[in-house]
Amino acid sequence: MPRDSFNREIDYLRISVIDRCNLRCVYCMPLNGIRFLPNAELLTPDEIEAVVRAAVRVGFTKFRLTGGEPTLRLDLLEIVKRVARLPEVGELALTTNAILMRDLARPLRDAGLKRVNVHLDSLNPATVERQMRWASFEQIWKGIEACQAAGLAPIKINSVVTAGYNEADVVELARLTLERDWHVRFIELMPLGGGDCASLSMKRYVSNIETRRRIEAALGPLIELESATLSDEARNFRFGGARGVIGFISPVSEPYCGTCNRMRLTADGKFHLCLLNDDELDVRAVLRTGRRNALDEVARILLRAVQLKPTGHHLLDGRSTRERSMYQIGG
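Residues numbered from 1 in each chain as written. Predicted model: local features only at pLDDT ≥ 70, side-chain atom pairs only at ≥ 80, totals over all residues. Heavy atoms only, no water.

J.: Explain helix H3 (residues 101-111) here, please?
T.: For an α-helix, 3.6 residues make a turn, and residues three or four places apart therefore share a direction. Where H3 is concerned, the buried positions are Met101, Ala105, Leu108 and Ala111. Looking straight down H3, one finds its buried side chains confined to an arc of 135°; they lie on one side. Seen from the buried face of H3, the exposed residues on the opposite side, beyond 90 degrees, are Arg102, Asp103 and Asp110. Residues of H3 that are buried sit in contact with helix H2 (76-84), strand S3 (91-96), strand S4 (115-119) and helix H5 (137-150). Of the residues one or two after H3, glycine 112 is the one with positive phi, at around 125°. (Buried < 20%, exposed > 50% of the residue type's maximum accessible area, 1.4 Å probe, protein only. Helix = DSSP H or I, 4+ residues; strand = E, 2+ residues; numbered from the N terminus. Arc of directions from axis to C-beta. Contact = heavy atoms within 4.5 Å.)

See the structure below:
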């Protein structure tokens with residue numbers, strides 16, 4: 001397993017397969033003026049498989065497919081099959097808004113997908129439409145139910161808490177864990193990419209300290225759980241007697257950079273060294289040379305990216321990524 005220059009074990013690769021999305025969440029994507037990558041600039045299924053082969057060769061074991069919205073890739077099933085068939089892949093998951101999962105959950109499970117994280121900011125349909133613009137709560141919920149029925153478990157719900165939108169809705173989301181064995185996780189806003197969305201993220205920031213306080217005031221005390229791994233980005237809790245888990249992902253109020261084990265691959269083939277920094281290394285150019293030793297070169301670039309991974313973000317100094325927005329990185 002590779003270690004970076006700060007002795008962190010890096011074994012988890014998040015792979016963005018597309019930058020397009022069928023939503024326009026207020027903190028992520030503007031309604032107009034977006035340029036998406038042409039299909040020719042996206043990594044192909046063969047190229048994604050090559051990167052995964054290189055990654056497992058140097059010690060990576062965990063992989064997640066992200067977007068944009070990954071279910072918009074018409075060849076997503078092929079990508080999942082190619083990655084899942086590699087015996088060294090220990091975990092393969094997907095981040096999705098679940099709008100298309102009603103029809104895709106079972107085929108993806110059959111292709112080798114193990115688990116899903118679903119983005120859902122509220123159980124209130126009106127709030128969902130306002131905050132996750134173009135979203136339908138009914139479609140998302142049916143998608144979640146399809147994932148549950150297909151055995152893509154445990155279901156993880158990711159909610160981005162945004163002042164003036166859904167900060168009061170966190171209680172009902174947390175209540176889901178009383179009867180369901182789901183993980184409901186609350187994520188602090190992060191300013192990425194500059195522009196109106198980054199500005200909104202700073203103005204509408206809600207600390208998870210406040211979110212936890214609101215949940216406990218309504219539903220009672222939370223019991224902290226021991227993390228399964230040191231690199232878990234969430235602090236996890238449970239209500240007494242509850243079936244599910246509540247997690248708080250707090251990159252601003254409680255940074256977890258010191259235990260980060262992640263590397264990211266953008267949809268256009270760049271190793272993005274840190275979610276909140278702009279540094280990247282190109283790997284697509286090597287993949288498209290057609291050289292016999294391309295896999296060796298990809299592995300070398302990945303190991304270099306691991307070594308160049310920064311110690312952490314600089315949000316408290318007012319610095320974040322300017323070149324890419326969240327949908328262009330993959331979360």
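J.: What is the right way to read unusual backbone geometry from this model?
T.: Across residues other than glycine, the phi torsion is negative in most instances, and most of the peptide bonds are trans. Omega for the bond connecting glycine 67 with glycine 68 falls within 30 degrees of zero, at 15°, which places this linkage in the cis form. Tracing the backbone shows glycine 68 in the loop between strand S2 (62-66) and H2. At the junction of alanine 153 and proline 154, the peptide bond is cis and its omega measures out at 0° in the coordinates. Secondary-structure assignment places proline 154 in the loop between H5 and strand S5 (156-160). One non-glycine residue with positive phi stands out, namely asparagine 7, at about 65°. Topologically, asparagine 7 is positioned in the segment before strand S1 (12-16).

J.: Explain the pattern of salt bridges to me, please; I cannot follow it from the model alone.
T.: Side-chain pairs of opposite charge can arise where the charged atoms are in close proximity. Applying the stated criterion to the full structure yields 22 salt bridges. Glutamate 233 is paired through a salt bridge with arginine 14; the nearest N and O atoms lie 3.1 Å apart. Here the residue glutamate 233 occupies a position in the loop between strand S7 (222-224) and strand S8 (235-239), and arginine 14 occupies one in strand S1, the gap between them amounting to 219 residues. For the pair formed by glutamate 233 and arginine 14, the shared burial category is buried. Sharing partners across several salt bridges, the network here consists of Asp46, Glu49, Arg53, Glu78, Arg82 and Arg85. (Salt bridge = Lys/Arg side-chain N within 4 Å of Asp/Glu carboxyl O.)

J.: Would you mind showing me how to read the packing of aromatic side chains here?
T.: The geometry of an aromatic ring pair is captured by the separation of the ring centres together with the interplanar angle, meaning the angle of the planes. This structure, assessed with the given rule, holds 4 aromatic pairs. Centroid distance phenylalanine 137 to tryptophan 141: 5.6 Å. Interplanar angle 25°. Geometry classified as stacked. Here the residue phenylalanine 137 and the residue tryptophan 141 both occupy positions in helix H5, the gap between them amounting to 4 residues, near one helical turn. The class for phenylalanine 137 is buried, based on a relative accessible area of 17%. Look at tryptophan 141 and you get buried, because its relative accessible area is 16%. The cationic tip of lysine 62 hangs over the ring face of tyrosine 12; the distance from NZ or CZ to the ring centre is 4.5 Å. (Phe/Tyr/Trp six-rings, centres within 6.5 Å; stacked < 30°, edge-to-face > 60°. Lys NZ or Arg CZ within 6 Å of the ring centre and 35° of its normal.)

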